[in-house]
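Summary of the model geometry
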Amino acid sequence: MTATSPAVIGRRLLPAITILSFLALPALATTALTADTIYHGGSIITIDESRPAVEAVAVRGGRILAVGARDDVLEHRGDGTTVVDLAGQTLLPGFVSSHGHAYMCGLQALSANVLPPPDGPVSDIDDLVETLSAWAAAYPERVEKVGWIVGFGYDDAQLAEQRHPTREDLDRVSSDLPVIVIHQSGHLGAANSKALELAGITAETEDPEGGVFRRQDGSREPDGVAEEYAFFALLYATARNFDDTVNDAFVREGTALLASFGYTTAQEGRATMAGIRAMERVAREGDLDIDLVVYPDILEVDDIRPSREYRDRLRIGGAKLTIDGSPQGKTAWLTRPYFVAPPGRPAGYTGYSAISPRTAYDATVKAWENGWQLLCHANGDAAIDLFVAAVDEAARAHPGVDNRPVLIHGQTLRHDQVAQLDRLDIFPSLFPMHTFYWGDWHRESVLGPERAENISPTGWVLARGMRFGTHHDAPVALPSSVRVLSATVTRRSRSGDILGPEHRVPVATALRAMTLWAAWQHFEEDTKGSLEVGKLADMVVLSDNPLTVPEDQLDDLVVVRTIKEDRVVYERREDRAALDPRLSPAPLGSGLARGIHPGHLDHASAADDHDHPVEAPVWAGYGCSGDGCFSHAVGAVMAGLAEASGRAGARR
């Protein structure tokens, strides 16, 4: 890929006073300018193919002033220059999130970490109970404010008991406060007796359409475990007690969590108006430390106004469309049956579309009519077929629209479909991290040995010379940049097997997919994604060089520092090495261990109606189409937030 020239960068992006400084070759253009900061003393990976490694980087005014040999770059040192010795660590461009849900990462960041190893401490039910109890004891102000004890990320398949926690298990945490734990998939969870009581769930409560309240043996009494829409009703009943301060805390803590994993550009990949308003409030207050690009749900948000310019580190990037669900949840829409049909489904079950073909076509054409970039969640190959056909129709009806459409996930992408993506210029944002978390499950139950080998087929995409992105989709998993990198390179599952060795890609390519190509996806390749003169000084420092460490040790890399426009927005603190992993999903030393930002949540008044039982599922309009990756649960929480915000507004 050809790098953007310094002249173009200058005309588009730089203040007028410095434009002439960047019009000539970098070695000549910057010799008279003094740097604010110079980085040297470690490995520096630029992602610039014309100059992949350098000895030093100089920064001025938040932008890269010079890159090259150490002695040459040090010529920009002045009396006020800060010289940073990397001490053998590795500097590279900040990671750009190709897909995730920054807003709802806040729920993950503000919850007890009940993930299984290696991301959390929970291996059995006793671990779960102890973790929730420790979290509640550590953050009493948080529990008092939101009125619940919540844990995120348990996985029954990884628990020693091979079952979900019940109300009796969670009553051991508290009998006075509602306790809710959210499954890692986001499609089900468990509640204690108090949570069931406050939600009005009793033996007489009927199962909602599309959901199940599991019952105690020989009885209709709920056992605390709830599936799909039954669980979302529980979440809604609790989240409706939140107000704007909680909503805004999600934004602050979600972006802080992403920064702690080296992301300098975050994405909210499916926003509703409640979330958008919260993100706008936080941005206006100057509390976004990293850039956040937002994609409202095209079927739920009418007033979508994309912009290529950030305002207070926030912009609307385009729109989001969701066609099907998740393969691991067996709701993705396939052309061939699932290897093992889910309970209650026939052997030929292939999943289903969450929306009609006409809705998909109309939404896609709407995006082209308005020139909006469209991100489309399509996991199953039947859903991908529908998206490809819709893009083909929209592009024919509106030729010449350069909106860089994006396929999100594409986990069962067929070989013939890769060529179709290439023909229609659809950017694939793939999900190879699934090979680690659910690769064994795909092979044994979801897709079977043959199709499981080709989930997230980066090898087929790379063979055609196409750009692609790789993502974390947090909060369905932690937004771990090194886990994304490791999975893309090794495709090793939890059991140690390799899924589709032909889809493994070189480390340098995997890094490009997380930086420059992800920046291209967002129309930001002129300013981000590589360490080149004139680009933003968005950078991350890793503990070691990913190009030289053994590939099976990539997931041992640690984010040491995250730098946004030459400002440190996250730094790992060695003095927090003893941080209890039960308390937060954040990396050691991330400031999230403190809890919520002072003044933003701790001292705000709680919303009323705390003990109001859940009634009709008025929340169903929020996320009931399903993102297949936590969005049903997201929708329930967002709906509660929206209702709480409405009540607060009415009181004002």
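Cut-off values and rules
Residues numbered from 1 in each chain as written. Predicted model: local features only at pLDDT ≥ 70, side-chain atom pairs only at ≥ 80, totals over all residues. Heavy atoms only, no water. Core = buried A, V, L, I, M, F, W, Y, C linked by side-chain atoms within 4.5 Å. Buried < 20%, exposed > 50% of the residue type's maximum accessible area, 1.4 Å probe, protein only. Helix = DSSP H or I, 4+ residues; strand = E, 2+ residues; numbered from the N terminus. Contact = heavy atoms within 4.5 Å. Polar contact = N/O pair within 3.5 Å; in protein donor to acceptor, adjacent residues only side chain to side chain. Pairing = 2+ DSSP bridges. Phe/Tyr/Trp six-rings, centres within 6.5 Å; stacked < 30°, edge-to-face > 60°.

Attention shifts here to the nonpolar core. Leu 132, Leu 234, Met 279, Ile 298, Ile 323 and Leu 485 are the most contacted members of the largest nonpolar core, which has 138 residues in total. A per-element tally of this core places helix H14 (residues 381-397) first, with eight residues. Setting aside anything within four residues of it in sequence, one finds Met 279 in contact with Tyr 103, Val 251, Glu 268, Ala 271, Leu 292, Val 294 and Leu 314. Of all hydrophobic cores here, the second largest spans 16 residues; its members include Val 59, Val 84, Leu 86 and Met 539.

A word on the environment of Thr 255. Mapped onto the elements, Thr 255 comes out in helix H11 (residues 244-260). It is 9.4 Å that separates the C-alpha atoms of Thr 255 and Ala 109, two residues lying 146 residues apart in sequence. With residues near it in sequence (within four places) discarded, Thr 255 still touches Ala 102, Leu 288, Ile 290 and Leu 292. Polar contacts involving the side chain of Thr 255 include one to the main-chain carbonyl oxygen of Arg 252, which spans 3.1 Å.

As for its position among the elements, Arg 252 is in helix H11. Arg 252 sits 147 residues away from Cys 105 along the chain, and the two C-alpha atoms are 9.5 Å apart. Separated by 2.8 Å, the side chains of Arg 252 and Asp 287 make a polar contact.

For strand S12 (residues 222-227), a buried count of five out of six residues is recorded, marking the element as mostly surrounded by other parts of the structure. As defined by bridge partners, strand S10 (residues 188-191) adjoins S12 across three bridges and the pair is classed as antiparallel. The residue of S12 that forms the bridge with Gly 189 is Ala 226. Both strand S11 (residues 211-215) and S12 contribute to a ladder of three bridges, which runs antiparallel. Following the sheet pairing, Arg 215 is matched in S12 by Pro 222.

What follows is about the packing of aromatic side chains. What the rule picks out here adds up to nine aromatic pairs. For the ring pair Trp 135 and Tyr 139, a centre distance of 6.1 Å and an interplane angle of 70° mean the geometry is edge-to-face. For the pair shown, Trp 135 and Tyr 139 are each scored as buried. Their ring planes at 55° and their centres at 6.4 Å tell us that Phe 231 and Phe 232 sit as a pair that is tilted. An identical accessibility class is assigned to Phe 231 and Phe 232; each is buried. Here the aromatic cluster, defined as three or more aromatic residues joined through ring pairs, consists of Phe 436, Tyr 437 and Trp 438.

When strand S1 (residues 37-45) meets strand S4 (residues 82-85), the two strands line up parallel, connected through four bridges. The residue bridging Tyr 39 from the neighbouring strand is Val 84, located in S4. As paired elements, S1 and strand S2 (residues 53-60) share six bridges and run antiparallel to each other. Within S2, the residue paired with Tyr 39 across the bridge is Val 57. For S1 and strand S5 (residues 90-93), the ladder comprises two bridges, and the chain directions are parallel. Opposite Ser 43, over in S5, you have Thr 90 as the bridge partner.

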